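In case you want the letters, here they are:
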Amino acid sequence: SSAMLFVNNTVDIINDLNSTNLMDRLLCGDVGFGKTEVAMRATFIIATTSSYLKIPQVAIIAPTTILCKQHYLRFCDRFQNLGLKVNDQIELLEVL
């Protein structure tokens, strides 16, 4: 079920973050499977855990400018009262 995949993906990413290895993970799935929520939870863990970088940074990449803007607005809404700074840097890359 999609709920079980959501839980498994979240646990896997938390385990990756607690590892000494660099994380190399691609999260993919159909619309409505919770990919953005998993990314938000991982972002929150990274941004609020002092054992990572002194100035933690997270980049979220999306395939369209519309989806980038939707994610930006969702992250701003979620993190607005938590003291986390959310920036949008939408850049169009030309594919040759």
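Predicted model, so just to flag it, every value in this text is computed and none were measured.

Caption draft 1: Summary view of the pattern of salt bridges. Scanning the entire structure with this criterion turns up 3 salt bridges. A salt bridge links Glu 37 to Arg 41, with the nearest nitrogen and oxygen atoms 2.9 Å apart. Here Arg 41 and Glu 37 lie together in helix H2 (residues 35–48), a separation of 4 residues that amounts to about one turn. On the accessibility criterion, Arg 41 (39% relative accessible area) is partly exposed. Among the ionic pairs, Arg 78 bridges to Glu 37, the shortest N-O distance being 2.7 Å. One end of the pair, Arg 78, is in helix H3 (residues 65–79); the other, Glu 37, is in helix H2, and 41 residues separate them in sequence. Taken together, the shared-partner salt bridges in this structure form one network comprising Glu 37, Arg 41 and Arg 78.

Caption draft 2: Here's a closer look at H2. An ideal rise of 1.5 Å per residue puts 20 Å on 14 residues; H2 measures up with 20 Å between its terminal C-alpha atoms. Inspection of H2 places Thr 36, Val 38, Met 40, Ala 42, Thr 43 and Ile 46 among the buried residues, and these make up the whole buried set.

Caption draft 3: Local environment of the confidence of the model for the protein chain. Chain-level statistics for the protein chain give a pLDDT mean of 79 and a share of 85% at 70 or above. Taking the mean pLDDT of every element in the protein chain, the minimum, 78, falls on helix H1 (residues 2–18) and the maximum, 90, on H3.

Caption draft 4: The arrangement of the side chain of His 71 in detail. With respect to the element layout, His 71 can be found in helix H3. Residue class for His 71 comes out buried when judged on its relative accessible area of 15%. Setting aside residues no more than four positions away along its own chain, His 71 makes contact with Thr 36, Ile 60 and Ala 62.

Thresholds applied
- Residues numbered from 1 in each chain as written.
- Predicted model: local features only at pLDDT ≥ 70, side-chain atom pairs only at ≥ 80, totals over all residues.
- Heavy atoms only, no water.
- Salt bridge = Lys/Arg side-chain N within 4 Å of Asp/Glu carboxyl O.
- Helix = DSSP H or I, 4+ residues; strand = E, 2+ residues; numbered from the N terminus.
- Buried < 20%, exposed > 50% of the residue type's maximum accessible area, 1.4 Å probe, protein only.
- Expected span 1.5 Å × (residues − 1).
- pLDDT = per-residue confidence, 0-100.
- Contact = heavy atoms within 4.5 Å.

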